[in-house]
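One letter stands for each residue in the lines below.
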Amino acid sequence: MNTGPVDSSKVPRFAGFATFARLPRLDQVERADVAVVGVPFDTGVSYRPGARFGPAAVREASRLLRPYHPGLDVSPFARAQVADAGDIAVNPFDIGAAIETIEDAAGGMDARLVTIGGDHTIALPLLRAAARRHGPVALVHFDAHLDTWDTYFGAEYTHGTPFRRAVEEGLLDTEALSHVGIRGSLYGKKDLEDDRRLGFGIVTAADVLRRGLDEVIDLLRQRIGDRPLYVSVDIDVLDPAHAPGTGTPEAGGLTSRELLEILRGLAGRNLIGADVVEVAPAYDHAEITSIAASHVAYDLVSLMALTEEETG
C-alpha cells in the first residue's frame, strides 16, 4: 500500500507542510518509485535571476493537485509510491561545485526523479546521473531557446549551454534529440547550424500551431522509440501570457494546454527522468507560472507512474 497525499477533507489545502501535491516526505516512506526534488539554484542565468525560489513556489502552487489524472486515466500516487525529497542544497557561488553536488545527489536517489529548478544549468548534472544509470538517453527538450550555445562570457557551464555539454560528454542518444517550442531571435544562423550538427531536430512554436498536436506527438514518439527518455521543460516554452514568471521570456509561445497535451502524448515511452526549470516567482502574477509548472510536474509524475507499472 502506497502512502499518498494528505486528505484535503481532513486538513485544508492551505494548511500543513508544503510538500509537492501534499505528498509524504521521502523520509516518511520506506521506498519511493518516483521522487520530486527541488534544486534552488540560479547562478547560471544570463538575464533575470530568481529561479532559486522556483521550487518553493511550485510546491505552494501544487496544493490544489488531486490524486486522479483523468487525462491519462491514472491515479499516480496509488499506482506508484511518490514522495517529496526536499531540496538539494547547492553552492550559490560556485557553479562547478553546484553541478557536482547535484550529480552526486541525483545519482544517489534510487527513484525516477522529477526535478524542480532552478535554472537550466541543472539539466547537465541530472543528465550525467541519468546516463550513468541508463546509458545515453533520448531527450525531449521544451524551451523557447536552444540551450546548445558553447559559452557565455567564456563560461562553459550556464543555463544556455547544458545540452551542448551533454552531447559532448556522450550523455545523449544523438538519434533521438528533439527541441519543442523554439522561437525568438538568435545571435546568427550559425546557432541553428551548430544545433543541427549536434543531432537535434527542432519543432518550433509555429510548427505546433501549423502542424497540430497529433502530428507533433507522432513525430516525437517515432524519434524516441523505446529508448530511455529524459524530458526537460523550461517553463519559458510557454507564452508569457501563460508564464510571465521566468528569466528570459519570448513572445509567441505554447499555451499551457498545448504543452500538457504534448506531454500526455508521450504516455507509454520509458520516461526515466525529467525537470521543470526557470520558474522565477518574483516576475509572476497571481501564481500563473508556478501553477502551470506544478501541473507540468504532475503530468510528468503521472507519466512515470504509468512507466513504473509497465516496467516495474
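Structure shown above.
Residues numbered from 1 in each chain as written. Predicted model: local features only at pLDDT ≥ 70, side-chain atom pairs only at ≥ 80, totals over all residues. Heavy atoms only, no water.

**Q** So what exactly am I meant to see when it comes to the pairing of strand β8 (residues 270-277) here?
**A** Successive residues of a regular strand alternate their side chains across the two faces of the sheet. Counting buried positions along β8 gives 7 out of 8 residues, so the element sits mostly inside the fold. Relative to β8, strand β3 (residues 112-117) runs parallel, the two being bridged by 4 bridges. Each bridged residue has a counterpart across the sheet, and for Thr-115 the counterpart in β8 is Asp-275. Here strand β7 (residues 228-234) pairs with β8 via 7 bridges, running parallel. When the sheet's bridge partners are listed, Val-233 is paired in β8 with Val-276. (Buried < 20%, exposed > 50% of the residue type's maximum accessible area, 1.4 Å probe, protein only. Helix = DSSP H or I, 4+ residues; strand = E, 2+ residues; numbered from the N terminus. Pairing = 2+ DSSP bridges.)

**Q** Explain the packing of aromatic side chains here, please?
**A** Geometry of an aromatic ring pair is reported as the spacing of the ring centres plus the angle between the planes. For the structure on display, the rule yields 3 aromatic pairs. Arranged with centres 6.0 Å apart and planes meeting at 55 degrees, the rings of Phe-77 and Tyr-298 form a pair that is tilted. A residue pair is termed long-range when its members are at least 10 positions apart, and Phe-77 in helix α2 (residues 76-79) and Tyr-298 in helix α10 (residues 288-311) qualify at 221 residues. Accessibility classification places Phe-77 together with Tyr-298 in one group, the buried group. (Phe/Tyr/Trp six-rings, centres within 6.5 Å; stacked < 30°, edge-to-face > 60°.)

**Q** For this particular structure, what's the right way to read the pattern of salt bridges?
**A** In a structure, side chains of opposite charge can pair up when their charged atoms sit close to one another. Within this structure, the stated rule accounts for 19 salt bridges. Across the pair Asp-84 and Arg-59 runs a salt bridge whose closest N-O atoms are separated by 2.8 Å. Remark: Arg-59 occurs in helix α1 (residues 54-61) and Asp-84 occurs in strand β2 (residues 82-87); sequence separation between them is 25 residues. Classification of Arg-59 by relative accessible area gives buried; the value is 8%. Glu-215 is the partner of Arg-211 in a salt bridge, and the nearest nitrogen-oxygen pair spans 2.9 Å. Residue Arg-211 is classed as partly exposed on the basis of its relative accessible area of 39%. Here the salt bridges do not stand alone but share partners, grouping Glu-103, Arg-128, Arg-132 and Glu-169 into one network. (Salt bridge = Lys/Arg side-chain N within 4 Å of Asp/Glu carboxyl O.)

**Q** Which parts of the structure should I look at to understand the side chain of Arg-22?
**A** Mapped onto the elements, Arg-22 comes out in the segment before β1 (34-39). Comment: no salt bridge for buried Arg-22; closest opposite-charge side chain is Asp-7, at 6.9 Å. Looking at Arg-22, its side chain comes within polar contact range of the main-chain oxygen of Pro-12, at 2.8 Å. (Lys, Arg positive; Asp, Glu negative; His and termini not counted. Polar contact = N/O pair within 3.5 Å; in protein donor to acceptor, adjacent residues only side chain to side chain.)

**Q** It is not clear to me how the pairing of β1 should be interpreted in this structure. Could you clarify?
**A** Along β1, 6 of the 6 residues are buried, which leaves the element largely enclosed by surrounding structure. Of the two faces of β1, both are covered, the one formed by Val-34, Val-36 and Gly-38 as well as the one formed by Ala-35, Val-37 and Val-39. Looking at chain direction, β1 and β2 are connected through 4 bridges and run parallel. Residue pairing for β2: Gly-38 is matched across the bridge by Asp-87.

**Q** Could you clarify how one ought to interpret empty space enclosed by the protein in this entry?
**A** In this approach, a probe sized like a water molecule rolls over the atoms, and the result shows the empty space that is left. Following the criterion strictly, the structure yields 1 cavity of 30 Å³ or more and no others. Approximately 40 Å³ is the volume found for the largest cavity. In terms of lining, the largest cavity is formed by Leu-229, Leu-266, Ala-267, Gly-268, Arg-269, Leu-271, Leu-303 and Thr-307. Of the residues in the lining of the largest cavity, the class split is 5 nonpolar, 2 polar and 1 charged. (1 Å grid on protein atoms, 1.4 Å probe; cavity = no way out; pocket = protein on both sides within 12 Å on 5 of 7 lines; lining within 4 Å. Points joined across faces, edges and corners; volume = space filled by probe spheres on them. Nonpolar A, V, L, I, M, F, W, Y, C, P; charged D, E, K, R; others polar.)

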